[in-house]
Amino acid sequence: MTEVTGAPADVLHTLFHSDQGGHEQVVLCQDRASGLKAVIALHSTALGPALGGTRFYPYASEQEAVADALNLARGMSYKNALAGLDHGGGKAVIIGDPEQIKSEELLLAYGRFVASLGGRYVTACDVGTYVADMDVVARECRWTTGRSPENGGAGDSSVLTAFGVFQGMRASAQHLWGDPTLRGRKVGVSGVGKVGHHLVDHLREDGAEVVITDVRAESVQRILDRHPEGVTAVADTEALIRTEGLDIYAPCALGGALNDETVPVLTARIVCGAANNQLAHPGVEKDLADRGILYAPDYVVNAGGVIQVADELHGFDFDRCKAKATKIFDTTLAIFARAKQDGIPPAAAADRIAEQRMAEARGR
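Residues numbered from 1 in each chain as written. Predicted model: local features only at pLDDT ≥ 70, side-chain atom pairs only at ≥ 80, totals over all residues. Heavy atoms only, no water.

### Structural notes on the environment of Arg 291
Okay, so step 1: Relative to the helices and strands, Arg 291 is located in the loop between helix H10 (284-290) and strand E12 (294-295).
Okay, so step 2: You can call Arg 291 partly exposed: its relative accessible area is 39%.
Okay, so step 3: In this structure the C-alpha to C-alpha distance between Arg 291 and Pro 264, which are 27 residues apart in sequence, comes to 8.0 Å.
Okay, so step 4: Ignoring sequence-local partners within four residues, the contact set of Arg 291 consists of Val 263, Pro 264, Val 265 and Leu 266. (Helix = DSSP H or I, 4+ residues; strand = E, 2+ residues; numbered from the N terminus. Buried < 20%, exposed > 50% of the residue type's maximum accessible area, 1.4 Å probe, protein only. Contact = heavy atoms within 4.5 Å.)

### Quick notes on the packing of helix H6 (residues 158-177) against helix H14 (residues 328-342)
Okay, so step 1: Interhelical geometry of H6 versus H14 gives an angle of 40° and a closest axis separation of 8 Å. Accordingly, the angle class assigned to the pair H6 and H14 is oblique. When you trace H6 past H14, the crossing you get is right-handed. From H6, Gly 164, Gln 167, Gly 168, Arg 170, Ala 171, Ser 172, Gln 174 and His 175 reach across to H14, where they touch Ile 328, Phe 329, Thr 332, Leu 333 and Phe 336. (Axes fitted to C-alpha atoms, helices over the stretch in contact; angles between N-to-C directions. Parallel < 35°, antiparallel > 145°, perpendicular 65-115°, else oblique. Left-handed = near helix turned anticlockwise from the far one by under 90°.)

### Considerations on the environment of Gln 25
Okay, so step 1: Position of Gln 25 among the secondary structure elements: in strand E1 (residues 25-31).
Okay, so step 2: We classify Gln 25 as partly exposed; its relative accessible area is 26%.
Okay, so step 3: For the pair Gln 25 and Leu 70, spaced 45 residues apart in sequence, the C-alpha separation works out to 9.9 Å.
Okay, so step 4: Not counting the four nearest positions on each side in its chain, Gln 25 is found in contact with Ile 40, Ala 41, Leu 42, Leu 117 and Arg 120.
Okay, so step 5: Polar contacts involving the side chain of Gln 25 include one to the side chain of Arg 120, which spans 3.1 Å. (Polar contact = N/O pair within 3.5 Å; in protein donor to acceptor, adjacent residues only side chain to side chain.)

### Let's talk about the nonpolar core
Okay, so step 1: One finds Leu 36, Ile 40, Ile 94, Tyr 110, Tyr 121 and Val 306 to be the most contacted residues of the largest nonpolar core, which totals 37 residues.
Okay, so step 2: When residues of this core are assigned to their parent elements, the largest contribution, 6 residues, is made by helix H4 (residues 104-115).
Okay, so step 3: Aside from chain neighbours lying at most four places away, what touches Ile 40 is Gln 25, Val 26, Val 27, Cys 29, Lys 91, Ala 92, Tyr 110, Val 114, Leu 117 and Tyr 121.
Okay, so step 4: One finds Leu 199, Ile 212, Val 220 and Cys 272 within the second-largest nonpolar core, a separate group that totals 29 residues. (Core = buried A, V, L, I, M, F, W, Y, C linked by side-chain atoms within 4.5 Å.)

### Side note on a nonpolar patch on the surface
Okay, so step 1: Judged by side-chain polarity, Tyr 57, Val 127 and Leu 254 come together as a nonpolar surface patch covering roughly 230 Å² of accessible area.
Okay, so step 2: Within the element layout of this structure, Leu 254 appears in the loop between strand E10 (248-251) and strand E11 (270-271). (Patch = residues over 30% accessible without salt bridge, like charges linked within 9 Å, V, L, I, M, F, W, Y side chains within 5 Å. Areas by Shrake-Rupley, 256 points an atom, 1.4 Å probe, with all protein chains shown as cover. Salt bridge = Lys/Arg side-chain N within 4 Å of Asp/Glu carboxyl O.)

### A closer look at helix H2 (residues 62-82)
Okay, so step 1: Look at H2: 31 Å from first C-alpha to last across 21 residues, which is about the 30 Å you get at 1.5 Å a residue.
Okay, so step 2: By the criterion of burial, H2 is predominantly enclosed, with 18 of the 21 residues buried.
Okay, so step 3: Gly 84 sits one or two residues past H2 and shows a positive phi near 75°. (Expected span 1.5 Å × (residues − 1).)

### Examining the sheet that holds strand E9 (residues 231-233)
Okay, so step 1: Across the sheet, which stays open at both edges, the 6 strands sit in the order E9-E8-E7-E10-E11-E12 with parallel pairing between neighbours. In this open sheet, the two edge strands, each paired with only one partner strand, are E9 and E12.
Okay, so step 2: Here 3 bridges tie strand E8 (residues 209-213) to E9, and the two strands are oriented parallel to one another. Residue Val 211 lies in a different strand from E9, and its bridge partner there is Thr 232.
Okay, so step 3: Strand contacts of helix H8 (residues 217-226): E8 and E9, with the helix running at about 155° to E9, the strand carrying the most contacts. (Pairing = 2+ DSSP bridges.)

### A closer look at the pattern of salt bridges
Okay, so step 1: With the rule as written, the count across this model stands at 19 salt bridges.
Okay, so step 2: For the salt bridge of Asp 214 with Arg 216, the shortest nitrogen-to-oxygen distance reads 3.2 Å.
Okay, so step 3: Here Lys 324 and Asp 311 are joined by a salt bridge, their closest N and O atoms 4.0 Å apart. Remark: Asp 311 occurs in helix H12 (residues 304-312) and Lys 324 occurs in helix H13 (residues 318-326); sequence separation between them is 13 residues.
Okay, so step 4: A residue is classified by how much of its surface remains accessible, and Lys 324, at 37% relative accessible area, is partly exposed.
Okay, so step 5: Accessibility expressed as a relative area gives 3% for Asp 311, which makes it buried.

### A word on the packing of aromatic side chains
Okay, so step 1: Under the counting rule described, the total for this entry stands at 3 aromatic pairs.
Okay, so step 2: A ring pair is formed by Tyr 57 and Tyr 59, whose centres lie 5.1 Å apart and whose planes are at 70°; its orientation type is edge-to-face.
Okay, so step 3: Both rings, one in Tyr 78 and one in Tyr 299, keep their centres 5.8 Å apart while their planes meet at 70°; by these two values the pair is edge-to-face. With Tyr 78 in helix H2 and Tyr 299 in helix H11 (residues 298-301), this pair connects stretches of sequence that are 221 residues apart. Both residues of the pair, Tyr 78 and Tyr 299, belong to the buried class.
Okay, so step 4: A cation over a ring is seen here: Arg 185 above Trp 177, with NZ or CZ 3.7 Å from the ring centre.
Okay, so step 5: Above the ring of Phe 163, the side-chain terminus of Lys 322 is found at 5.0 Å from the ring centroid. (Phe/Tyr/Trp six-rings, centres within 6.5 Å; stacked < 30°, edge-to-face > 60°. Lys NZ or Arg CZ within 6 Å of the ring centre and 35° of its normal.)

### Here we look at unusual backbone geometry
Keep in mind that most residues, glycine aside, have a negative phi and that most peptide bonds are trans.
Okay, so step 1: A positive phi angle is found at Asn 277, which is not glycine, with a value near 50°.
Okay, so step 2: Position of Asn 277 among the secondary structure elements: in the loop between E11 and H10.

### A few points about the side chain of Thr 213
Okay, so step 1: Mapped onto the secondary structure, Thr 213 falls in strand E8.
Okay, so step 2: Within the structure, Thr 213 has its side chain in polar contact with the backbone oxygen of Val 234 (distance 3.1 Å).
Okay, so step 3: A distance of 3.4 Å separates the side chain of Thr 213 from the backbone nitrogen of Asp 236, its partner in a polar contact.
Okay, so step 4: Not counting chain neighbours up to four residues away, the residues in contact with Thr 213 comprise Val 189, Ser 190, Gly 191, Val 192, Val 220, Val 234, Ala 235, Asp 236, Thr 237 and Leu 240.

So yeah, pure geometry; function would need other evidence.
Right, here's the structure in full:
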């Protein structure tokens, strides 16, 4: 969503003048002793405290890190609005390779920065951070979710994330084929890590044929061992999206999966996956629609995880969260109906619904 091209002036222009900006607050954090360099972006608190995870990633530049934080925070505003949560959108990124620089000292320093915001931002796990990390952050910051059950948390949120994507997929099938079952459908899953492997379980239980790929060979082998029948693997995503007879494509790795190179060669009729920011740039959603490909907006269908971590703030109850995540089916259908009514792609319809809820909250 947000483009920052290099100079600090570009960051300021994006924040204050660009349609991709509009963020309430951006905090740059540094702790020299631990090596922490982080960006915390709050896009909106109209619906309540901003909620979003902490990404730990070796960005090529500080500008790239800021751009990612802005983009992800904005996406969280829309995700939380459509999930029916009383939370705005925020995101944090820690700059660096977690395999090299992650330490208890660094995570504690990060927790102090989050705490300094006084509850305007609630953090959780994301790429490069895990439940054990949130347990450490929580020692300095009570506005931390995604903690272990032993420390009063809900644990791994990938279970409900996958469940929500599955509900979105069922809704997509209902809209396109008139039947929510995936039995007999061929589904391609790119990325079978934390979320993807749970999604494969749901698909096989529903009777789908599944084709998988992942950059980690051990992740692929784990799935093949778990499902010796009904699951096959291909070399990479390039091969997956060209698979003959593919009904549904589920991007479940990093963002940008739908772009000028991949959309023209997609064989699937539906795209519905767990990855954030799947549309590489504005206009891709129209390219999908022009090809007759139904796109289930990523921030709608992958909201199961944020539903879970939000519930943790009130005393986690898995059944209550699963009931909320089940409603992703109805929300997805409502978005498709709005898209048809307004004559726009589903991604634009989802944005309109989310923006309407945020606007109504600001007007209270």
